[in-house]
Every structure is written in structure tokens, then in C-alpha cells.
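Understanding the architecture of this molecule
What follows is each chain in one-letter form.
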There are 4 protein chains.
Amino acid sequence: MSQEKMEQLLEHATRLFQERGFRATSLEEIAEAIGIQKPSLYHYIASKEELLFLVMSRTIADYNAKLRAIVESDRSPVAKLEQAVRQHITLQLEQPGTVTLFRDTPYLTGDRKEAIRRDLKVYRDLLQTILREGVEAGELDVPDPAVTTLFILGALNFVHRWYRRDGRKTIPEIAGYYADLVRRALVRR
Amino acid sequence: MSQEKMEQLLEHATRLFQERGFRATSLEEIAEAIGIQKPSLYHYIASKEELLFLVMSRTIADYNAKLRAIVESDRSPVAKLEQAVRQHITLQLEQPGTVTLFRDTPYLTGDRKEAIRRDLKVYRDLLQTILREGVEAGELDVPDPAVTTLFILGALNFVHRWYRRDGRKTIPEIAGYYADLVRRALVRR
Amino acid sequence: MSQEKMEQLLEHATRLFQERGFRATSLEEIAEAIGIQKPSLYHYIASKEELLFLVMSRTIADYNAKLRAIVESDRSPVAKLEQAVRQHITLQLEQPGTVTLFRDTPYLTGDRKEAIRRDLKVYRDLLQTILREGVEAGELDVPDPAVTTLFILGALNFVHRWYRRDGRKTIPEIAGYYADLVRRALVRR
Amino acid sequence: MSQEKMEQLLEHATRLFQERGFRATSLEEIAEAIGIQKPSLYHYIASKEELLFLVMSRTIADYNAKLRAIVESDRSPVAKLEQAVRQHITLQLEQPGTVTLFRDTPYLTGDRKEAIRRDLKVYRDLLQTILREGVEAGELDVPDPAVTTLFILGALNFVHRWYRRDGRKTIPEIAGYYADLVRRALVRR
DNA sequence: AATGAATGAGCCTTCATTCAT
DNA sequence: AATGAATGAAGGCTCATTCAT
């Protein structure tokens, strides 16, 4: 199996799932995008669902690695939190595949669903770790870190729904504004 | 057209669209849920898209009416904000339909799409009004009310994705916790 | 059964069958045209096919009566022929229902099909009678009256397919031109 | 795409559209006729309408090519006219497809409708050319070539409706008889 | 590695017709 | 005489998947 074609396949599938959603994207379209016939896809993937899984896997792995880097850095908890928020929004708005993550998870089944759920939990746990560190360091006031994490992620993940490239604020501005809101909601006073 | 059957139809459609999404719900399933044959649905609706529109219309109308009541009450802006957050979460977790509202809008076309978009904008504007009042009253510090509104709605609309009836927190507890986070993020210090 | 409603029904059905064809006209549309609900039609007719039959019956009966009047008049055969041609074209272009006759006959079945076929044969026979009289009178040269009749009817029945109300020729002009062509093709020299 | 199956498909579609009309022929029947399942048809065609278009296109192209050959031959106008009439009738009775051509055009839309209309106009124009040449050569007396062309085509296209293989006249006999009628209607005296 | 051909399952929709009221 | 409600049958079309080549 050509490594290069597989790469292409994942890139185009990511983009198409992102743009139209999993159900509304047909294998026909994906095949056409990479210049092969529909049945040839089955040399690279076992099923459409597996393709979704692969796309999600890659995307979340990237998110996790990048968040882990922040967590393991030696900044202060508040700085890490700000960094995490900025990065999440930037990834979401600049990199395709993220939306698929939030929206099409229900189309996975069985082990694959579990695997992605585990990966998503890892991300939540990393974020939560920052919150706990902040509390321990006396910088943050977070009575329920788990729920607070979900609060933050909800706010962050919605950004792609209203962001317009030609809008009033740039991506860094949005990222900064959100980081500020999160900080204010959490810092000890 | 039997009012009662229509009511049933809308309720079941709301629930199914909520649970599985518009595309993944077949008219067959909806028909079965209310105990009629698939073609009989066309006595009540003109198309599947119209059904989605009706479901969305009703839900958003309810949300708008209830938020308007808060806006027009004579509480302080901060009290209104807290009330609005609590109510939004309660509606979302106690009655189905909310998700459909925010996820399946792309499946509407033409005038129907516009109508729902307008209705959704009304809700955002109502919430934004509270923020502006808060700023004017010197209670809140909100540099960008529009983006802040979207921040809040993102956080709120995500709740249904992780809420479990048998979870650690009750609905009022979640609502209270969220109201607190929002308040802290926005109040002037 | 109200005689008046039945009349309305036939008129609207005639017009709609004419305009869109039998298959492309739904009972829904017919019912709407006369201001009743679809199932109410069944108080007036036994089936859609019967409705087609009634429409055709009326139309062909009218054609037959009018052609018979010409045949039984005491003009010369050539004059009758010219009259017949003019009248056929005029009826076709001015009166709805005629097209249905030529186009939708295949949708009839059983006895009704036979009945209409018989009526259409009567028309052909009447026209053929004129030809035979012309031959006997030494005015026309028609080796095969049956086939010649079909030649003429083919030419005549096609007129509705290309006639445009705002076209270059008026109905009487077309009728006159056609009568001329037929006369020239048949008269003994 | 197997050339052979495509050929079969077009042949059976032509025959069925001819026998029952476009609307009354289902893709199911066509698929069955060539021994495949209904959805498999979509390997060969994009829609039912496209199939109608292909059938019509082929047929009219054949008619046009053959009439053009006559027009461009170096016979006398009267001889060309006779040849054209004979050929039209022969094509019509020996190979299916002609009716579809003239009856089901309304079911085409957009560009396809225009294309077929243009092709049909080409045929009429070719026939008209013969008439004009005849007038210029002083052989024919045709005051209005356009309407006369439609007169002739009407007569000719009706033949398939009454022709029976076991009838009184053979195809060449009918063709000859029709050619005679047309000639007599048009020649200068 | 690739694909032409085919398909089973399913989808939304149309419509003539029935029937209890 | 009228109709609200319902439906069986059918239709065109989509699509993930299989398989022989």
C-alpha cells in the first residue's frame, strides 16, 4: 500500500468530513478527490467507519500531544491555562478535522468508539490537570475541575460554528479574548 | 388534521432528531414511533425538511419567549444573567430539541433556513441585551458583548453532551455552577 | 349527485388532462380545481380511468356529431371534405380535450378502451364516407380510402403540437391552408 | 462501462419508451429487460431523464443523417421528396424510437430539451430545404414551406399508430402510397 | 494496486383508493 | 354529499460494499 496515497486519502477525507459531515460525504466524493475509483478505497481502509476513525485518531492525537507539551512545560498554571485555550482555538480554526471530532463521534461504534472516547478523555484530563495544579498553587479557584473543564471545552468548541475568516476579529484576537474570559472565570480573588 | 397526532408527531420527531440527528433519522422510524405508515406522515407535513423546520421553530420559539420574560423582568442585570444561564441549562436538559437546533440547521434550505437563523439570532440578541445592560449599569465588564455571548452559549449548549441523569450533579446544581462561572467571568471588579 | 358539480368536474378534468396529460395530472389537482377534497371525487366517478373515459367520450361524441352533420349535408363531396378539414382543425385548436383523445388513449383498458376505439372508428368512417362519395361522384381520385383517411387525420392531429396562439397564421388560415393541401392531394385531374 | 450492455440498455429503453411512453415505463422494467437490478442502471446513466435524452439523441441523429444524404444527393427535388417520405415511413415502422421522439419531448428539461429541439428542427429544416428547392426549380407549388413541412410530418408520424405487421399493405406499399399523396399535394400543375 | 460491474438495503416522495364518520 | 385519516404499491435515486479480473 502506497504510503503517499494513504496520506492523501486521510487529508482529503479529513477535509471533506470537516466541510460536509460524515453522513453527507460519500466515498464516491473522497475517491474522486484523490483520483481513484470508489472500490479502490478498500485497499486502504476496511470501511467508511474506519476511515472516520483514522481521521479522528490522527486529529485527537495531535491535540493531545500539543496539550501535553504545555502541561509538561514549566510555566505557571495560569500561564499554562492561557496557553491551552489559545492553542485549542487556533488548532480548531486553522486545522481541518477538528469539527469532525466534535460532531461525528456518534457514527463510530464498538471498539473504535471506545478508543476515540478514551483519547478525548485524555485531552479533558490534561486540561483538568492544569486546573488542579492551579488550585494547588493557590492561583485558581475551581470547586469542580471536571465540570469546569467541560464548561471551558464547550465554549471553545463552539468557536468554529460562528467564526468567519472575514469577521471582525482575527484568530489570535479571538484566542486572546477567550483566554481572558476563562482566566477571569477561574482565578482566585 | 388531528391536533393530537400532529402533537405526537412533533414530539417524537424532536426526540429522534435529537438522539440521532436529522440525516440519521428516517421517516420510517418516525412513522413507526407514532404508529402510522410512512406515507401517512404526508398528511401532517409536506416534506422531511418541513418537519425539521417545525421542530426547530417550536423549540426556538419557546426558548425565545422564556428568555424574553427574563430580559423584561425588573431584576438587576447580574440577576438576569444568572437566571438566563440557569434557565437555558434547565430547558436543554429537561426537554429535547435543543441540539437539533444548533446542529442540524445546515439541512434547512431557503426561507426556512433564514427563518430559523433569524430566530436564533433573536435569542443571541436577547442574551446580549442583558450583557449590555450590565455594562451600562456598571455591573459587568464585557469588552465585546457579541463574542462574549457566543462564548457563553457554546459553554451552555455543550452540557447535553456530557450530562448523565445518574451523574454526580443534579440539573439545578449544574445550572448553578455554570451561572457562577459565567458571573465570575463577567462581573466588574 | 349534483349535476352542476359533475359538469364542473368534467370541464376541469378535460382542461387538466389536456394541459398536462393523464399521468401527469393528479386527482389532487382536479379536486382542488373544483374546490372539493380528493376523496369526494369518488362520489362522481368510480376511478381516475373512468374520468378519462368520460372526458374522451364527450369530446369524441362532439366531434362525431359535428362531422356527421357535414356528411349529411347536401354539399358536394369536395365541399364536404374541405368543410371537414377546416372544422377538425378548428375544434382541435379551440376546444380542450382533443389532445387527450390522441395522446392518452393507451391509458384506457378493457371495455372503455373498446368503446373509445369504436367511437374513434366512427369518426374515421365518417371521413372515409366523404372520400368514397367523392370517388363515386368522379370528383376525387382515392385508390385506398382507408389509408388516405389515416393520412389526413395524421396531418390534422399534429397541428396542436406546433400551433402557437401568437404564431404567423391564424386558426382559420391554417384550416384553409390544410384544406387546400388535402384537396390538391385528392382531387381527380 | 461495457459497451455491449449500454447498447442493450438503449435498445430496450427505446422499445419500452416507445411501447408505453416515458412516464409509464419504470426503471425497474428496463433493468429487468436487460437482466440487472434497478440501481445498477446508474452505472450507465445519470438519471431516467438522461436515458430518455440518449434514446432520443441517437434516433434523431440517425434520421437526420439519412435525410441529409437525400438532400445532398443529385436527384431532382421531386425525386428527393419522394425518397424522403419513403425513408421516413420505413425508418418509423422498422425501428422503434420515433414516437418517443415526438411524444415525450416534454419530459426533458433544460439543455437536454434544447438539444433535442434543435435536432428536431434540423430534420424539419432539411425537409423544408427540399420543398424550397422544388419551388425554385419550378417543380413544386408550396406557398408556405414551413407549414407544409409540418403537414407532411404530421401525416407521416401517425403511421406507426395504425400500422399492423399483418395488415393489408406492406411497409413499402404504405411508403409508396404516402409518397404519392404528398407529391400530388405539392406538385405544380 | 486497481477497477468495472453489480447489488442489497434504504431513502424520500407520490398517488389512487378505501373507509369510518 | 363530503371528508379527515390512512395506506399499499410503486417510483426514482443514493450509497457502502463485494467480487472477479
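Residues numbered from 1 in each chain as written. Chains lettered and ligands numbered in written order. Predicted model: local features only at pLDDT ≥ 70, side-chain atom pairs only at ≥ 80, totals over all residues. Heavy atoms only, no water.

Scanning chain A from N- to C-terminus turns up 9 helices and 0 strands. Starting at the N terminus, the α and β elements of chain A follow one another as α-α-α-α-α-α-α-α-α. Counting only C-alpha atoms and orienting by the principal axes, one finds that chain A spans roughly 60 × 40 × 25 Å. Across chain A, contacts joining residues at least 24 apart in sequence account for 72% of those joining residues at least 6 apart. (Helix = DSSP H or I, 4+ residues; strand = E, 2+ residues; numbered from the N terminus. Contact = heavy atoms within 4.5 Å.)

Further remarks concern the interface of chain A and chain B. Listed as interface residues are 30 residues of chain A and, on the opposing side, 31 residues of chain B. In total, chain A and chain B occlude about 3,100 Å² of area from one another, counting both sides; carbon and sulfur atoms represent 59% of this. Across the chain A-chain B interface, the total number found is 6 salt bridges. D141 of chain A is the salt-bridge partner of R184 of chain B, the closest N and O atoms lying 3.6 Å from each other. Going through the elements one at a time, α7 (145–157), α8 (159–162) and α9 (171–186) of chain A are the ones with two or more residues in the side of chain A that touches chain B. (Buried area = accessible area lost by both parts, 1.4 Å probe. Salt bridge = Lys/Arg side-chain N within 4 Å of Asp/Glu carboxyl O.)

The next point concerns the packing of helix α3 (residues 48–71) of chain B against helix α4 (residues 77–94) of chain B. Residue and element names in this part refer to chain B. Running from amino to carboxyl end, α3 crosses α4 at an angle of 160°, the nearest separation of the two axes being 10 Å. Taken together, the axes of α3 and α4 lie roughly antiparallel to each other. Both α3 and α4 take part in a crossing whose hand is right-handed. Within the contact between the two elements, α3 uses D62, Y63, K66, L67, I70 and V71 and α4 uses K80, Q83, A84, Q87, H88, L91 and Q92. (Axes fitted to C-alpha atoms, helices over the stretch in contact; angles between N-to-C directions. Parallel < 35°, antiparallel > 145°, perpendicular 65-115°, else oblique. Left-handed = near helix turned anticlockwise from the far one by under 90°.)

Further remarks concern the interface of chain D and chain C. Listed per partner, the contact involves 30 residues of chain D and 30 residues of chain C. For the pair chain D and chain C, the summed buried area comes to about 3,100 Å², and 59% of that belongs to carbon and sulfur atoms. At the surface where chain D touches chain C, the tally comes to 6 salt bridges. We note a salt bridge from K169 of chain D to D144 of chain C, for which the minimum N-O separation is 2.5 Å. On the surface where chain D and chain C come into contact, there are 22 residue pairs in polar contact (both at pLDDT 80 or more). Of all elements in the fold, only α5 (98–103), α7 (145–157), α8 (159–162) and α9 (171–186) of chain D reach the threshold of two or more residues within the side of chain D that touches chain C. Taken together, the residues of the side of chain D that touches chain C break down into 18 nonpolar, 2 polar and 10 charged. (Polar contact = N/O pair within 3.5 Å; in protein donor to acceptor, adjacent residues only side chain to side chain. Nonpolar A, V, L, I, M, F, W, Y, C, P; charged D, E, K, R; others polar.)

On to the relation of the copies chain D and chain C, then. The transformation that overlays chain D on chain C combines an axial shift of 0.3 Å with a rotation of 178°, and the residual RMSD is 0.6 Å. Accordingly, the operation relating the two chain copies is best matched by a two-fold axis. Residue A185 of chain D, judged by its C-alpha, is the member of chain D lying nearest the rotation axis, at 1.8 Å. Comparing interface residues between copies, 93% of those in chain D also lie at the interface in chain C; the contact surface is shared. (Least-squares fit on C-alpha atoms with pLDDT ≥ 70 in both.)

Take helix α4 (residues 77–94) of chain C next. Residue and element names in this part refer to chain C. Across its 18 residues, α4 extends 25 Å between first and last C-alpha, which sits within 8% of the 26 Å expected from 1.5 Å per residue. For α4, the set of buried residues is P77, V78, K80, L81, A84, V85, H88, I89, L91, Q92 and L93. Residues of α4 that are buried in the fold lie against α3 (48–71), α5 (98–103), α6 (110–136), α7 (145–157), α8 (159–162) and α9 (171–186). (Expected span 1.5 Å × (residues − 1). Buried < 20%, exposed > 50% of the residue type's maximum accessible area, 1.4 Å probe, protein only.)

Under the counting rule described, the total for this entry stands at 22 aromatic pairs over all chains. Ring centres of F151 of chain C and F151 of chain D lie 6.1 Å apart, and the angle between their planes is 65°; this geometry places the pair in the edge-to-face category. You can see F151 of chain C sitting in helix α7 and its partner F151 of chain D sitting in helix α7, one on each of two chains. Taken as a pair, F151 of chain C and F151 of chain D share a single burial class, namely buried. Taken together through their ring pairs, the aromatic side chains of F151, W162 and Y178 of chain A together with F151, W162 and Y178 of chain B make up a single cluster. It is K48 of chain A that lies over the ring of F22 of chain A; its NZ or CZ is 4.5 Å from the centre. (Phe/Tyr/Trp six-rings, centres within 6.5 Å; stacked < 30°, edge-to-face > 60°. Lys NZ or Arg CZ within 6 Å of the ring centre and 35° of its normal.)

On to the pattern of salt bridges, then. Scanning the model with the defined rule gives 60 salt bridges over all chains in all. We note a salt bridge from E29 of chain B to R20 of chain B, for which the minimum N-O separation is 2.2 Å. When its relative accessible area of 36% is taken as the criterion, R20 of chain B is described as partly exposed. In this structure, the salt-bridge partner of D125 of chain C is K121 of chain C, at a minimum N-O distance of 2.7 Å. In this pair, D125 of chain C and K121 of chain C are both assigned in helix α6, 4 residues apart and thus about one turn of the helix distant. Connected through shared salt-bridge partners, D144 of chain A together with R168 and K169 of chain B make up one network.

Moving on to the nonpolar core. Counting 134 residues, the largest nonpolar core has Y178 and L186 of chain A together with L51, Y178 and L186 of chain B as the members making the most contacts within it. Beyond its immediate sequence surroundings of up to four residues, Y178 of chain B is in contact with V147, L150 and F151 of chain A together with V85, I89, A155, L156, V159 and W162 of chain B. Listed in part, the 133 residues of the second largest apolar core include L101 and A115 of chain C together with M56 and W162 of chain D. (Core = buried A, V, L, I, M, F, W, Y, C linked by side-chain atoms within 4.5 Å.)

All names here are of chain A. When you line up the elements, L10 lands in helix α1 (residues 3–20). Residue classification places L10 among the buried positions, given a relative accessible area of 8%. Residues L10 and A79, spaced 69 residues apart in sequence, show a C-alpha to C-alpha distance of 34 Å. Excluding anything up to four places from it in sequence, L10 contacts L51, L54, V55 and R58.

What follows is about the packing of helix α4 (residues 77–94) of chain A against α7 of chain A. Residues and elements named next belong to chain A. Across the interface, α4 lies against α7 with an axial gap of 10 Å and an inter-helix angle of 35°. In terms of crossing hand, the pair formed by α4 and α7 is right-handed. Residues V85, H88, I89 and Q92 of α4 form the contact with α7, whose own contacting residues are L153, L156 and N157. Of the residues in the contact of α4 with α7, the class split is 4 nonpolar, 3 polar and no charged.

Inspection of the secondary structure puts T14 of chain C in helix α1 (residues 3–20). Since its relative accessible area comes to 7%, T14 of chain C is described here as buried.

Residue and element names in this part refer to chain D. Here K38 is to be found in the loop between α2 (27–34) and α3 (48–71). Residues K38 and M56, spaced 18 residues apart in sequence, show a C-alpha to C-alpha distance of 21 Å. When near neighbours in sequence (up to four residues on either side) are disregarded, K38 contacts L27, E28 and A31.

A few words now on the environment of E29 of chain A. Residue and element names in this part refer to chain A. Checked against the element boundaries, E29 lands in helix α2 (residues 27–34). Owing to a relative accessible area of 24%, E29 belongs among the partly exposed residues under this scheme. Remark: the alpha-carbon pair of E29 and L101, spanning 72 residues in sequence, is separated by 20 Å. The contact partners of E29, leaving out residues within four places of it in the chain, are L16, R20 and A24.

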